[in-house]
Amino acid sequence: MTNKIEIKEKVKNFKKIIKVGSDKSISIRCVLLASQAIGKSRIYNLLESEDVFDALKAIKKLGIKFKKRKNFYEIEGFGLDGYNTKKKITIDAGNSGTLARLILGLLVNSKNVVTLKGDKSLSKRDFSRVVEPLKLFGANISYKNSFLPVHINGSNYLRPIKYHENLGSAQCKSAIMLASLKTPGITKIKAKKSRDHTELLFKNLGIPIKIIKKKIYDFIDIKGPFNFEGFDYKVPGDISSSSFFIVLTLLSQNSSLIIKNVNINKTRTGIIKILNKMNANISFKNKKKYKGEFLGDISVKSKKNLKSIICPKKLNSSAIDEFLIIFLVAAKAKGNSVFRDLGELNKKESPRLNIAIKILRQIGVKILRNKNDIKIFGNPKLELTGSYTIKNFRKDHRVLMMSCVAALTLGGCWTIHDSNSSNTSFPDFFKKIKKLGGVIN
Ligand code: S3P
């Protein structure tokens, strides 16, 4: 089944207020931390997407019970030693890199072998970035050529580590942080800056954590072991899911949009900085703080005179999941935009840098590439009239959603395959597109 869709017309002007799905990174972290707490946690607004359901299935395999109540998920943990790993088990992380990498951190004290597997896309992604540091804690881990399946057999004699995380990967940093929770002594991490939701959750849970923030690196000390109690958390909207609607608005005519209650943590809002440097004029309203995170409503209007950008590398990490959609804006902006050092993009659910270049070239956008740097030749007059088929993108949710936004703003007749790919992060994507007047067949 390919579940193809067709988009044959541009979205008309709209003026709307919407909500998007809840933050995926925070949802998965809440499920995993609640599964290790002592007692019941209540997670409100948990994202109900495939990646998060896979997280719930994973903790269930580990003997943790959860219930869906009217407004929240209730998860009951039994502390850091509370997973039932007496038997050999297999966990399927599906498409989710975050789930797979973070849960490995929590399995460093498993009592038996746990096998971790994933879907086709996840089975092509690098696991050495988490397996190698986790081995240093004393866990026994085996895998082939850095790929899933990974077999982990924990240790009773964990020792704290010193680790230099140099990829700017929040998944890698978080896996080490979660392992340090179970490990006697002080684990020291020097981590290139990346999203900091795990740090903020640790602080909220009273876990002994010290962070010194420098320009490029954060220095994080965690003292384990530390058992914490069940907690309540209300998950805000996802900036990454919002990004498709921000650009849909920006590139359509006479439209405006408010997206309510989104997480606008500065480790995640690189896209806003980048688009505003391109003349976009996106603003945050009703800002408030919640458990260390910053939330707000995002306000965006259509914009005609977008300009190119030489994108500062320091924004790469805080916009890492949004480059596909940012490239689309660059294609419609005046002038030539440059993005550098985007090797990590090719390590996502699909080789996104390669796929973005392929799709943009397919619709006539000129791009020069030098290894992991690209130059996009923008054209404000870009309007499409041809037929375009988008397929073979490893069911990458963000490639799917970017293609839909391209179709709805640039014109042409588009056939887009694997339309259910958005279910991993944003099952309501098409419902929201229709709410704004987009016609999908
Ligand atoms: C995530 C971290 C990022 C991001 C992913 C979610 C997280 O990956 O791309 O979608 O929740 O920690 P990396 O840590 O590999 O950069």
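What counts, and where the lines are drawn
Residues numbered from 1 in each chain as written. Predicted model: local features only at pLDDT ≥ 70, side-chain atom pairs only at ≥ 80, totals over all residues. Helix = DSSP H or I, 4+ residues; strand = E, 2+ residues; numbered from the N terminus. Rg over C-alpha atoms; globule rule 2.2 N^0.38 Å. Buried ≥ 20, exposed ≤ 12 C-beta atoms within 10 Å, placed from the backbone. Contact = placed C-beta atoms within 7 Å. Near = placed C-beta within 6 Å. Domains from an automatic or database assignment. Axes fitted to C-alpha atoms, helices over the stretch in contact; angles between N-to-C directions. Parallel < 35°, antiparallel > 145°, perpendicular 65-115°, else oblique. Left-handed = near helix turned anticlockwise from the far one by under 90°. Pairing = 2+ DSSP bridges. Arc of directions from axis to C-beta. Nonpolar A, V, L, I, M, F, W, Y, C, P; charged D, E, K, R; others polar.

Okay, the overall build of the protein chain next. Secondary structure assignment for the protein chain yields 12 helices and 22 strands. Relative to the compact-globule value of 22 Å for 441 residues, the protein chain shows a C-alpha radius of gyration of 21 Å, a close match. Projected onto its principal axes, the C-alpha positions of the protein chain cover 65 × 50 × 45 Å. By the burial criterion, 52% of the 441 residues in the protein chain qualify as buried.

So, about helix H8 (residues 270-277). Buried residues of H8: Gly 270, Ile 271, Ile 272, Ile 274 and Leu 275, and no others. Where H8 is buried, its residues meet helix H7 (239-251) and helix H9 (323-332). Asn 279, located one to two residues past H8, shows a positive phi value of around 90 degrees.

Attention shifts here to the site of the ligand. In the region of the ligand, the neighbouring residues are Ser 25, Thr 98, Ser 169, Ala 170, Gln 171, Ser 174, Arg 195, Ile 320, Asp 321 and Glu 344. Take the shell around the ligand: its biggest share by element is three residues, from helix H5 (residues 170-181). Looking at which domains feed residues into the shell around the ligand, each of domain 1 (4-21 + 237-435) and domain 2 (24-234) gives three or more.

Turning to the packing of helix H1 (residues 24-34) against helix H6 (residues 197-204), a few remarks are in order. At their nearest, the axes of H1 and H6 sit 10 Å apart, and the two run at 40 degrees to each other. In terms of orientation, H1 lies oblique with respect to H6. Crossing hand, H1 versus H6: right-handed. Two secondary-structure elements touch here, H1 through Ser 25, Ile 26, Arg 29 and Leu 33 and H6 through His 197, Thr 198 and Leu 201.

So, on to the sheet that holds strand S7 (residues 113-117). One open sheet holds the four strands; their spatial order is S6-S7-S9-S8, and the pairing between them is mixed. This sheet does not close on itself; its edge strands, each paired only once, are strand S6 (89-92) and strand S8 (140-144). Sheet twist, expressed as the average angle between the axes of neighbouring strands with direction ignored, equals 20 degrees. When S7 meets strand S9 (residues 147-153), the two strands line up antiparallel, connected through four bridges. In the strand pairing of S9, Leu 116 is matched with Val 150.

Within the secondary structure, Leu 201 sits in helix H6. Separated by 105 residues in the primary sequence, Leu 201 and Leu 306 place their C-alpha atoms 37 Å from one another. Here Leu 201 is in contact with Arg 29 and Leu 33, once residues within four sequence places are set aside.

Bridging between S8 and S9 involves four bridges; their strand directions are antiparallel. In the sheet register, Asn 140 faces S9, and the bridge partner there is Asn 153.

With that settled, the discussion passes to helix H10 (residues 352-362). Inspection of H10 places Arg 352, Leu 353, Ile 355, Ala 356, Ile 359 and Leu 360 among the buried residues, and these make up the whole buried set. One side of H10 holds all its buried residues, which, seen down the axis, span an arc of 165 degrees. Away from its buried face by more than 90 degrees, H10 exposes Asn 354, Arg 361 and Gln 362. On its buried face, H10 sits against H9, strand S19 (366-370), strand S21 (384-390) and helix H11 (397-410). One or two steps after H10, the chain reaches Gly 364, where phi turns positive at roughly 90 degrees.

Turning our attention to unusual backbone geometry. The residue after Leu 148, namely Pro 149, is reached through a cis peptide bond having omega -5 degrees. Looking at where Pro 149 falls in the secondary structure, it is placed in strand S9. In the segment running from Gly 224 into Pro 225, the intervening peptide bond is cis, with an omega of -5 degrees. Within the chain, Lys 371 stands out as a residue other than glycine whose phi angle is a positive 50 degrees. Checked against the element boundaries, Lys 371 lands in the loop between S19 and strand S20 (373-377). Residue Lys 371 is classed as exposed on the basis of its 10 C-beta neighbours within 10 Å. Backbone geometry places Asn 392, a non-glycine residue, at a positive phi of 55 degrees. Mapped onto the elements, Asn 392 comes out in the loop between S21 and H11. Judged by the 12 C-beta atoms lying within 10 Å of it, Asn 392 is exposed.

A separate point is the domain arrangement of the protein chain. Parsing the protein chain into structural domains produces domain 1 (4-21 + 237-435) and domain 2 (24-234). Between domain 1 and domain 2, the C-alpha centre-to-centre distance is 29 Å. Listed per partner, the contact involves 20 residues of domain 1 and 21 residues of domain 2. For the side of domain 1 that touches domain 2, the per-class residue count stands at two nonpolar, nine polar and nine charged.

Looking now at the sheet that holds strand S11 (residues 185-192). In spatial order, the strands read S10-S11-S13-S12; together these four strands make up an open sheet with mixed pairing. Edge positions in the open sheet fall to strand S10 (162-165) and strand S12 (209-213), since each of these has one partner strand only. Pairs of neighbouring strands in the sheet enclose a mean axial angle of 15 degrees, with direction left out of account.

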